[in-house]
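What follows is the residue order along each chain.
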Amino acid sequence: MFIRHLTQLIISLFQKSPLGKSTAKHHEGYKCVSLPDYTLVVGIITIIFTLMIFVLSLLLKAPVWVPVLWLFFSLLGIFLIIAWKNVKILYNDEKIIETTFLGKENHYTYDEFVSCEEKPQQQLIRYYTADGRVLKVNQSIEDAIYLDISIKSKYKKLHNNKNIPIK
C-alpha cells in the first residue's frame, strides 16, 4: 500500500514539474499513446539504486572501474525517464504525430499508409507509407489498440471498404 501511494506521489510531482510530459497547446484535441507511468518510476528507482551503490563503492574504496560502472548504469534510469517524457504518438481524425526519443516529431496523414506488418510475438505493428517511412505501434502499450483501430478504419473509408494490405 505504501509503495503504491509513494508511486502515485512521484508520478504526480513529476508530471507537474517542468520535466513532466509536454502538454503543448498545438496538441489539444489529440488522443495520446505513450509509455506507461511505471516507466518513470522504474527510471527513478534505477537512478536512486545505482547512485547509492556508486557512493557506497566510493566509500569502500573499490577499484576505479566499479563506481564508473554503476554511474554508467544510472544512465539507464535517465534514458527511461527521457523515453517516458518524449516517446508518444498523438492522433486525431486527420493526422498522426509521432514523437521520438530525442523529441523529433514525424507527421503522418491517414491517406499516406499503404500497408502494415504485424509481429504478434514482439507485440508490434509497423505501418508503411508510400514514401518509405514507418510508424511503429507497440501493442503492449495500453491505448495502442485504439490507434490501430483508427488507422485501419480510416484506411477502409479511404479505399472503398478494402482492408489495409498486410505484409
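Data block above holds the structure.
These remarks concern the structure in this document. (Residues numbered from 1 in each chain as written. Predicted model: local features only at pLDDT ≥ 70, side-chain atom pairs only at ≥ 80, totals over all residues. Heavy atoms only, no water.)

1. Observations concerning the sheet that holds strand S5 (residues 113-119)
(1) Moving on: Judged by pairing direction, the sheet is antiparallel, and its 3 strands sit side by side in the order S5-S6-S7 without closing on themselves. Either end of the sheet is taken by a strand with one partner, and the two such strands are S5 and strand S7 (134-138). Geometrically, the sheet is characterised by an average inter-axis angle of 20° between neighbouring strands, direction not taken into account.
(2) Moving on: With 6 bridges connecting them, S5 and strand S6 (residues 124-129) associate as antiparallel partners. Looking at the pairing, Phe-113 lines up with Thr-129 of S6. (Pairing = 2+ DSSP bridges. Helix = DSSP H or I, 4+ residues; strand = E, 2+ residues; numbered from the N terminus. Axes fitted to C-alpha atoms, helices over the stretch in contact; angles between N-to-C directions.)

2. Topic: the sheet that holds strand S4 (residues 105-109)
(1) Moving on: Overall, antiparallel pairing links the 4 strands, which are arranged S1-S2-S3-S4 in an open sheet. Of all the strands in the sheet, the pair left with one neighbour each is strand S1 (31-34) and S4. The average undirected angle you get between the axes of adjacent strands in this sheet is 15°.
(2) Moving on: Direction of pairing for strand S2 (residues 88-91) relative to strand S3 (residues 95-99): antiparallel, over a ladder of 4 bridges. When the bridges of S3 are listed, Leu-90 appears paired with Ile-97.
(3) Moving on: The strands that helix H4 (residues 144-158) touches are S1, S2 and S3; relative to S2, the one it contacts most, it runs at about 45°. (Contact = heavy atoms within 4.5 Å.)

Worth remembering: the numbers are spatial, not functional.
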